[in-house]
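# Chains, contacts and geometry: an overview
The lines below spell out each chain.
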Amino acid sequence: MRKGLIQTNKVQPGVYPSEELRQLEKKTFSLHMLSNVFMGLSFGILMLHEIILKKSLLGTDFQVTLLIFLSSSAFIFSIYGTELIHRSSNPAKTIIILALISRFFLFIIPLFSSPEYFIFCIAAMSYIDSLIKPSWNTVFKHNYSDSRRSLLYSYSSSLYTIVILIVSTVLGYLLDINYELYKILFPIAGIFDVLSYMSLAKMITMGQNLKMIPPGIPGKSLSLKLMEDIFVLPVRNTMRIFKENRPFLRFEVFFFMYGMAFMIASPAVPIYLVDVLQLSYSPISIAKGLVFYTATILFTPLMGRLHGTGNPTKFCGYLFLFLLFYPLSMMGVKYIPGVISFITPEIMLYFTFFLFGILMSGITMSWNLSTIYYAPHYQEANYQSVHITLTGVRGLFSPFIGYLILRYVSIEATFIVSAIIFLLAGIMMLRESRRHG
């Protein structure tokens, strides 16, 4: 066990400001690891949902785009989740209630097999789930010490990816045998997610008991005034945050560009894998699961050290630059095997997702932790909710840009446009890093 986690009566200078935080961090880390096991089991099952829609439910290209649009635009409501949860008298209980409501739509997914019903269930789950996500940052900020936050997060993230790697690899073979197994597996994924959020609720309660996390607002009943506060104040707070914190605004603008590039390519990928490359579930699940998450496991600890606790702009800038090779390499899955005989489409696909996994291990780290650098004390969830909400904003239009390009130009053009925007986002973020370097 690492020195920082050994139980002693002496607080380590420069690491923990108090014995209480040291004990809280130790208990939080155990619960965080447990919750990531549950989340990994769930996501490993759900990760091929757009492939299921396209390949087995025979969804159209537009329906695939619509599913990605609804899933990604759901993040726009996360800004309201922060107000809803932290204005309740019992934030932990509110988290569990929202988790049960959102996963209800996974429980009922076996009832019908139409593409439209499948899209509705996934979208409804995503929209309600987005209300809970910012609360993770409250835990990361207050239950972990500054010096060990990135390191402990990287360990728990590695466990999460190991679980996904195993589950997703097995999932592809199961779906090749009988794709209707998703009707059994998706409700099971819902149960795992509820267990994960129960762990989050416990971590929130632990932080409140030690007065590390501010308590909910007692005695607040549902009223028109409260509903107005929940819906109006987040928008006002976002404008205030951007006005008062210009470096954070610029960081979000350049991160927004990266997200556009990613979402423009998103509708093209399942269509490309199923219709153009005509792959079965097994190689797709190996690429998206085994290969992608092997790279993530290997490189997440390194990314945790590189990210650190300082200004994240340089770290993000280099990631965005290298990400331009992801859509270009995806194009190479079709064209390179015809030029180099010993490289098959499957090998090129695995190389593409290994590269993607390396880079996304850093992106995931930054997506979850970078706003902490900019956020004042006790405003971490607010800043992260702004960050997540902007993911929803770009999700309102970016997938449709990708769809229009692949529909009226070509699917290769979608990848090229994505690569160009990755390049621009990287250049702008690196300029920002030099501004404050």
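Relevant structure appears above.
Below is a summary of the structure that appears in this document.

How each quantity is defined
- Residues numbered from 1 in each chain as written.
- Predicted model: local features only at pLDDT ≥ 70, side-chain atom pairs only at ≥ 80, totals over all residues.
- Heavy atoms only, no water.
- Helix = DSSP H or I, 4+ residues; strand = E, 2+ residues; numbered from the N terminus.
- Buried < 20%, exposed > 50% of the residue type's maximum accessible area, 1.4 Å probe, protein only.
- Contact = heavy atoms within 4.5 Å.
- Areas by Shrake-Rupley, 256 points an atom, 1.4 Å probe, with all protein chains shown as cover.
- Patch = residues over 30% accessible without salt bridge, like charges linked within 9 Å, V, L, I, M, F, W, Y side chains within 5 Å.
- Salt bridge = Lys/Arg side-chain N within 4 Å of Asp/Glu carboxyl O.
- Phe/Tyr/Trp six-rings, centres within 6.5 Å; stacked < 30°, edge-to-face > 60°.
- Lys NZ or Arg CZ within 6 Å of the ring centre and 35° of its normal.
- Expected span 1.5 Å × (residues − 1).
- Axes fitted to C-alpha atoms, helices over the stretch in contact; angles between N-to-C directions.
- Left-handed = near helix turned anticlockwise from the far one by under 90°.
- Parallel < 35°, antiparallel > 145°, perpendicular 65-115°, else oblique.
- Nonpolar A, V, L, I, M, F, W, Y, C, P; charged D, E, K, R; others polar.
- Polar contact = N/O pair within 3.5 Å; in protein donor to acceptor, adjacent residues only side chain to side chain.
- Core = buried A, V, L, I, M, F, W, Y, C linked by side-chain atoms within 4.5 Å.

### Quick look at the overall build of the protein
Each helix and strand counted, the protein has 19 helices and zero strands in total. In the protein, which comprises 437 residues, the share counted as buried stands at 59%. Partitioning the intrachain contacts of the protein with sequence separation of at least 6 by distance along the chain shows that 84% fall at a separation of at least 24. Roughly 18100 Å² of accessible area belongs to the protein as shown, and the carbon and sulfur atoms make up 69% of that amount.

### What to know about a nonpolar patch on the surface
On the surface, a nonpolar cluster with roughly 660 Å² of combined accessible area is contributed by Y318, F322, F325, L328, I416, I420 and L424. Looking at the nonpolar patch, the elements with two or more residues in it are α14 (313-323), α15 (325-339) and α19 (411-435). Here the nonpolar patch takes three residues from α19, the largest share from any one element. Residue position: F325 is located in helix α15.

### Points about the packing of aromatic side chains
For the structure on display, the rule yields 32 aromatic pairs. Considering the side-chain rings of F248 and Y383, the 4.7 Å spacing of their centres and the 45° angle between planes classify their relative orientation as tilted. Placement of F248 in helix α11 (residues 246-265) and of Y383 in helix α17 (residues 380-395) is noted, with a sequence separation of 135 residues between them. Residue F248 is classed as buried on the basis of its relative accessible area of 0%. Of the residues examined, Y383 reaches a relative accessible area of 4% and is grouped as buried. Above the ring of Y281, the side-chain terminus of K55 is found at 6.0 Å from the ring centroid. Taking the ring centre of Y408 as reference, the NZ or CZ of R407 above it sits at 5.3 Å.

### Overview of the pattern of salt bridges
Applying the stated criterion across every chain, the model contains 11 salt bridges. Ionic pairing is found between D275 and K54, a salt bridge with its closest N-O pair at 3.1 Å. Taken together, the positions of D275 in helix α12 (residues 268-276) and K54 in helix α2 (residues 49-55) put the pair 221 residues apart, joining distant regions of the chain. You can call K54 buried: its relative accessible area is 10%. Here the residues in one salt-bridge network are R103, D129, K133 and D193, joined through shared partners.

### Quick word on α17
For α17, spanning 16 residues, the distance from its first C-alpha to its last is 23 Å, which sits close to the expected 22 Å at 1.5 Å a residue. Counting buried positions along α17 gives 14 out of 16 residues, so the element sits mostly inside the fold.

### Focus: the packing of helix α1 (residues 19-46) against helix α7 (residues 135-142)
Running from N to C, α1 and α7 point in directions that differ by 145°, and their axes come no closer than 10 Å. Note that α1 runs across α7; the crossing there is left-handed. Residues L21, L24, T28, H32, S35 and M39 of α1 form the contact with α7, whose own contacting residues are W136, V139, F140 and H142.

### A look at the packing of helix α8 (residues 149-177) against helix α16 (residues 345-374)
Between α8 and α16, the least distance of the axes is 11 Å, while the angle of their chain directions is 150°. One way to sum up the angle between α8 and α16 is to call them roughly antiparallel. Crossing geometry of α8 relative to α16 is assigned as right-handed. Of the residues in α16, those touching α8 at R149, S150, Y153 and S154 are T364, M365, N368, L369 and I372. A class-by-class count of the residues in the contact of α8 with α16 yields four nonpolar, four polar and one charged.

### Some points on unusual backbone geometry
The backbone of L58 shows a phi angle near 60°, a positive value even though the residue is not glycine. Within the secondary structure layout, L58 lies in the loop between α2 and α3 (61-73). Relative accessible area serves as the criterion here: at 66%, L58 is assigned to the exposed category. Positive phi is not limited to glycine here, since Q278 has a value of about 55°. Residue position: Q278 is located in the loop between α12 and α13 (281-307). Judged by relative accessible area, Q278 falls into the exposed class, the value being 65%.

### Let's talk about the side chain of S88
With respect to the helices, strands and loops of the structure, S88 is situated in the loop between α4 (78-86) and α5 (91-107). Here I85 takes part through its backbone oxygen, which lies 2.6 Å from a polar atom of the side chain of S88.

### Details of the nonpolar core
The biggest cluster of nonpolar side chains holds 128 residues, and the ones touching the most others in it are F118, F186 and M330. Of all the elements, α16 adds the most residues to this core, at 13 residues. Ignoring sequence-local partners within four residues, the contact set of F118 consists of H49, I52, L53, L57, L67, I109, Y182 and F186.

### A few points about the environment of T205
Within the secondary structure, T205 is located in helix α9 (residues 182-209). Sequence spacing of T205 and A92 is 113 residues, and the spatial spacing of their C-alpha atoms is 6.4 Å.

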